[in-house]
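A closer look at the structure
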Amino acid sequence: MIEGILEGSPDAVGVAVIRLDCGCRKMAAVDKNGDPASKIIMYRDQAESVCEKCKEDQGDILRVTEQFIAWTDPQPPDEDKKRILAKVLGVVDQSVH
C-alpha cells in the first residue's frame, strides 16, 4: 500500500501511517515541507471497507495505537525528518532512523 501511495505522489519523501485500535489505518504521502502530497487513504487489511467505528468517527485520534512515517530512499536528512515528524504527527522526541 505504501508503494502505491508513493507511486502516485512524485513529491513525497514518505508516507505517514496512523494505526487505530480497531485495525484500520490512515495513510497519506508527505512532501519535504511536511505538507500533504496525496489524499488521506483509510483502509483495513482484508476488508472491503473500514470498520463501523471509523465510519462514525473517521478514525478519531483518541483511538491511535501507533504512528510513524515510512521514509523513501534516499531518506531526508535527520533534521528534516524531525521537522516533518513534528509537523505531521506532532512528535518531537522520536528516533528518526
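Our subject is the structure that appears above.
**A few points about the nonpolar core**
Formed by V13, A16, V30, I69, W71, I84, L85, L89 and V91, the largest nonpolar core amounts to nine residues. Contributions of two or more residues to this core are made by β1 (12–20), β4 (64–71) and α3 (78–89). Among the elements that line this core, the one with the most residues is α3, at three residues. I84 has contacts with V13, V30, D31, K32, G34, I69, W71 and L89, leaving out every residue within four places of it along the chain. Core analysis: the second largest hydrophobic core is formed by seven residues, I5, A12, V15 and Y43 among them.

**Some points on the pattern of salt bridges**
The full count for this structure, using the stated rule, is nine salt bridges. Where D35 meets K87, a salt bridge forms, and the shortest distance between an N and an O atom there is 2.7 Å. On the criterion of sequence distance, the pair formed by D35 in the loop between β2 (24–31) and β3 (41–44) and K87 in helix α3 is long-range, its members being 52 residues apart. Among the residues examined, D35 registers a relative accessible area of 29% and is labelled partly exposed. Here R83 makes a salt bridge to D80, at a shortest N to O gap of 3.4 Å. Of this pair, R83 and D80 both sit in helix α3, three residues apart, which is roughly one turn of that helix. Three or more residues are tied together by salt bridges with common partners; here these are D21, D57 and R63.

Conventions we followed
- Residues numbered from 1 in each chain as written.
- Predicted model: local features only at pLDDT ≥ 70, side-chain atom pairs only at ≥ 80, totals over all residues.
- Heavy atoms only, no water.
- Core = buried A, V, L, I, M, F, W, Y, C linked by side-chain atoms within 4.5 Å.
- Buried < 20%, exposed > 50% of the residue type's maximum accessible area, 1.4 Å probe, protein only.
- Helix = DSSP H or I, 4+ residues; strand = E, 2+ residues; numbered from the N terminus.
- Contact = heavy atoms within 4.5 Å.
- Salt bridge = Lys/Arg side-chain N within 4 Å of Asp/Glu carboxyl O.

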